[in-house]
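Take a look at the letters that make up each chain.
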Amino acid sequence: MNRVRKFAGFLLGIFLVLVPSNLAFAEVSASGKWEESTPGRWESLPERHVGATDNGISMEVTMSPGTGVSYARTGNWNPGPAELRFAVDNVNAGVNDYLPGEAAFPASVTFVFGIDSLKLGAKIRLWLFLQQVWNGFTPSGVRLTYAWGNGLPVGSMYRLWEEETVFVVAGPEEAGKTISSTRRLADDFNAAYGRPPKGPATEVRVSARRPSREKGPVRASITLRFPATRE
């Protein structure tokens, strides 16, 4: 195990030297403490309007191909209800939602359970590390992602990474509409992993992406309230 960790650390050092970082953080709100970055390593930031509150964030973006934005906030929240509202006028037709290296959602919200993990073994952990060296690193912990999919049936639940489960809340047929949903995180965690979470949600990420190979812009809006303002 120590050799695996040392080798992984060596690879990470090379990666940090050779690959430009996308983590040019900017605080969105003094009260909300949401940090801004690009979700893809070579993406640029789109035109955007953002407002943060103590228990949520709202954003509107116009994404040309090759742009994207992500807002992250760390904390310690019980896995209670979360209110989501998405609106997207198009999808990313040239991507595969099932493949970690290709999945790029026009709108998504991810809840990270940072003290939770799965028993994967050293070989699988190393394989995941090598995959993420190229595709971009995911937050440490078990994750629930609610996404506007690009072609999968609405209501789908699947593993994108071993420790990330995606719930498809809308898709191409809903383009141009506003989709609202209240999710009970503990129930969804249990549905995805067959047990309740071991601890609280420790990070929330709100993201929108338009890959460079797509044609034309996408307009998207995301509103999150967590904890939800109503049951």
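Note that residues are indexed from 1 along each chain, following the sequence as it is written. Selection of residues for local features in this predicted model requires a pLDDT of at least 70, selection of side-chain atom pairs for listing and counting requires 80 or more, and totals for whole chains, interfaces and linings are taken over all residues. Neither water nor hydrogens contribute to the side-chain values; these are computed over all heavy atoms in the structure.

**Details of the overall build of the protein chain**
Here is step 1 of the chain: From N to C terminus, the protein chain includes three helices and 12 strands.
Here is step 2 of the chain: Only protein chains enter the accessibility calculation, which uses a 1.4 Å probe. A residue is then buried if its area is under 20% of the maximum for its type, exposed if over 50%, and partly exposed in between. Counting every position in the protein chain, which comprises 231 residues, the buried fraction comes to 49%.
Here is step 3 of the chain: When contacts within the protein chain are restricted to residue pairs at least 6 apart in sequence, those whose partners lie at least 24 apart make up 71%.
Here is step 4 of the chain: For accessible areas, the Shrake-Rupley method is used with a probe of radius 1.4 Å. Any residue's cover is judged against the shown protein chains and nothing else. A total of about 11,600 Å² of accessible surface is found on the protein chain, and carbon and sulfur atoms cover 52% of it. Helical segments are the DSSP runs of H or I of at least four residues, strand segments are the runs of E of at least two, and each set is numbered from the N terminus. A contact between two residues is defined here by any heavy atoms of the two lying within 4.5 Å.

**Focus on the sheet that holds strand E2 (residues 47-53)**
Here is step 1 of the chain: Pairing is antiparallel in the open sheet, where five strands are placed in the order E2-E3-E12-E5-E10. The sheet is open, and its two edges are formed by E2 and strand E10 (178-184), each paired on a single side. Pairwise comparison of adjacent strand axes, ignoring direction, gives a mean angle of 10° for this sheet.
Here is step 2 of the chain: Relative to strand E3 (residues 56-63), E2 runs antiparallel, the two sharing seven bridges. Considered in E3, the bridge of glycine 51 is made with serine 58.
Here is step 3 of the chain: Axis definition: a line fitted to C-alpha atoms, limited for helices to the stretch in contact. Angles are taken between N-to-C directions and run from 0 to 180 degrees. This element, helix H3 (residues 185-193), spans strand E5 (81-88) and E10 of the sheet and lies at about 80° to E10. Pairing between two strands is assigned when DSSP locates at least 2 bridges connecting them.

**Quick notes on the confidence of the model for the protein chain**
Here is step 1 of the chain: Taken over all residues, the pLDDT of the protein chain has a mean of 83, while the share at 70 or more is 75%.
Here is step 2 of the chain: A residue's pLDDT is the confidence the predictor assigns to it, expressed on a 0 to 100 scale. Contacts from residues 1-27, a stretch scored under 50 in pLDDT, to residues over four places away or in other chains number 31 contacts.

**Re the sheet that holds strand E9 (residues 164-170)**
Here is step 1 of the chain: Spatially, E1-E4-E11-E6-E7-E9-E8 is the arrangement adopted by the seven strands of the open sheet, whose pairing is mixed. Both outer strands of the open sheet, strand E1 (35-37) and strand E8 (157-161), are each paired with one neighbouring strand and no more. Put simply, the sheet's adjacent strands are angled 25° from each other on average, direction ignored.
Here is step 2 of the chain: Here three bridges tie E1 to strand E4 (residues 67-77), and the two strands are oriented antiparallel to one another.

**Concerning the pairing of E9**
Here is step 1 of the chain: Burial analysis of E9 places seven of its seven residues in the buried class, the great majority of the element.
Here is step 2 of the chain: Alignment of strand E7 (residues 142-148) against E9, held across six bridges, turns out to be parallel. Across the sheet, the residue bridging to tryptophan 148 is alanine 170, located in E9.
Here is step 3 of the chain: The pairing of E8 with E9 spans four bridges and is classified as antiparallel.

**Focus: unusual backbone geometry**
Here is step 1 of the chain: Note that the residue after phenylalanine 226, namely proline 227, is joined by a cis bond; omega there is 0°.
Here is step 2 of the chain: By secondary structure assignment, the location of proline 227 is in the segment after strand E12 (218-225).

**Focus: the pairing of strand E11 (residues 201-210)**
Where a strand is regular, its side chains alternate between the two sheet faces.
Here is step 1 of the chain: The buried count for E11 comes to eight of 10 residues, which makes it a mostly enclosed element.
Here is step 2 of the chain: Bridge count between E4 and E11: nine bridges; the pairing is antiparallel. Bridge assignment links valine 69 to a residue of E11, and that residue is alanine 208.
Here is step 3 of the chain: Examined bridge by bridge, strand E6 (residues 108-113) and E11 share five bridges and lie antiparallel to one another. The residue of E11 that forms the bridge with phenylalanine 111 is valine 204.

**Section: the nonpolar core**
Here is step 1 of the chain: Counting 38 residues, the largest nonpolar core has Val109, Phe111, Leu224 and Phe226 as the members making the most contacts within it.
Here is step 2 of the chain: Only buried residues count toward a nonpolar core, which is a set of Ala, Val, Leu, Ile, Met, Phe, Trp, Tyr and Cys residues joined through side-chain atoms within 4.5 Å. Within the second largest apolar cluster, nine residues are counted, among which are Ala103, Ala147, Leu160 and Val166.

**Describing the environment of tryptophan 42**
Here is step 1 of the chain: The topology assignment puts tryptophan 42 in the loop between E1 and E2.
Here is step 2 of the chain: Residues tryptophan 42 and serine 212, spaced 170 residues apart in sequence, show a C-alpha to C-alpha distance of 9.5 Å.

**Quick notes on the side chain of aspartate 97**
Here is step 1 of the chain: Inspection of the secondary structure puts aspartate 97 in the loop between E5 and E6.
Here is step 2 of the chain: None of His or the chain ends enter the tally, which takes Lys and Arg as positive and Asp and Glu as negative. We count a salt bridge whenever a side-chain nitrogen from Lys or Arg sits within 4 Å of a carboxyl oxygen from Asp or Glu. For the buried aspartate 97, which has no salt bridge, the nearest side chain bearing the opposite charge is arginine 213, at an N-O separation of 9.0 Å.
Here is step 3 of the chain: Any N or O atom pair separated by 3.5 Å or less is treated as a polar contact, with the protein-specific requirement of one donor-capable and one acceptor-capable atom, and with residues adjacent in sequence counted only for side-chain atom pairs. Polar side-chain contacts of aspartate 97 include one of 2.8 Å to the side chain of asparagine 150.
Here is step 4 of the chain: Setting aside chain neighbours within four positions, we find aspartate 97 in contact with Ala103, Phe105, Gly149, Asn150, Gly151, Leu152, Tyr158 and Leu160.

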